[in-house]
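Structure at a glance
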Amino acid sequence: MTSETSATDLAAGLARIGLSATAAQLPDFLARATKSRFSPTTFLEEVVRQESLARAQKSVERRLKAARIGSFRPMADFDWNWPKKIERDLIERALTLDFVRARRNLVLLSTNGLGKTMISKNIASLAVNAGFSVIFRTASDLLADLSCADSPERRRRRLAFYARPDLVCVDEVGYLSYDDRAADLLYEVINRRYERRSLLITTNLEFARWNTVFPNATCLTTLLDR
């Protein structure tokens, strides 16, 4: 059996027992171990280290995909001088994720085009990278998903789906109007998360004008209280 074949078989064996990161980098890893004269303990420590790093990265990638944050510009590109009035201290505190750890809610309110979605996507991305589970949806996507649940059991499962993550971001509340049933569904999401998990909402409307988004909704006052 040639050394090349042996290395291939070894890599396949490592992959079979779940050490895929070591298997993928086996030639380089063995060369580094030989050059640095790794002791058996150091060799195993390096295997554990690179497997742990690879699994952590895969976990981040899975959670980013599940969050559906989409593309966004980093906060380094944010113009703090526009608008002229912005609660910068509040935004910078939010970027530390303290409100997520404390299971509090955050509402970003401003007129259109001033960066609410950009800020919320940065917060969502930071939360994923910090190990939190996150869902990012526009209000219309979230309500459409819940409205399509065509049975009580399916609706219960979808509500449970939105209740579980550490952070749910609901973007663009106020851009479209909905019926009172949509308000009830949004209330169910908010109520299930109340004081249990964090919610981030972006809106272009003051709370006093949310009755234009959910006209005739009897749950609106309670929804806003939550």
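Above this text sits the structure in question.
Residues numbered from 1 in each chain as written. Predicted model: local features only at pLDDT ≥ 70, side-chain atom pairs only at ≥ 80, totals over all residues. Heavy atoms only, no water.

**Re the environment of Leu126**
- Along the chain, the position of Leu126 falls in helix H7 (residues 116–129).
- Distance in space between the C-alpha atoms of Leu126 and Ser198 is 14 Å, their sequence separation being 72 residues.
- Filtering out sequence-adjacent residues up to four positions away, Leu126 remains in contact with Leu95 and Leu97. (Helix = DSSP H or I, 4+ residues; strand = E, 2+ residues; numbered from the N terminus. Contact = heavy atoms within 4.5 Å.)

**Regarding the side chain of Lys121**
- Tracing the backbone through its elements, the reader meets Lys121 in helix H7.
- Asp171 provides the closest opposite charge to the buried, unpaired Lys121, separated from it by 6.2 Å.
- Once residues lying within four places of it in the same chain are set aside, the contact partners of Lys121 are Ile69, Gly70, Ser71, Phe72 and Phe136. (Buried < 20%, exposed > 50% of the residue type's maximum accessible area, 1.4 Å probe, protein only. Lys, Arg positive; Asp, Glu negative; His and termini not counted. Salt bridge = Lys/Arg side-chain N within 4 Å of Asp/Glu carboxyl O.)

**Details of the packing of aromatic side chains**
- Here the structure, examined in full by the defined rule, presents 6 aromatic pairs.
- When the centroid spacing of 4.8 Å and the interplanar angle of 70° are considered together, the rings of Phe78 and Trp80 count as edge-to-face. For the pair shown, Phe78 and Trp80 are each scored as buried.
- Aromatic pair Phe161 and Tyr162: ring centres 5.0 Å apart, planes at 75°, arrangement edge-to-face.
- What makes Tyr162 buried here is its relative accessible area of 1%.
- Between Arg158 and the ring centre of Phe161, over which it is positioned, the NZ or CZ distance is 4.4 Å. (Phe/Tyr/Trp six-rings, centres within 6.5 Å; stacked < 30°, edge-to-face > 60°. Lys NZ or Arg CZ within 6 Å of the ring centre and 35° of its normal.)

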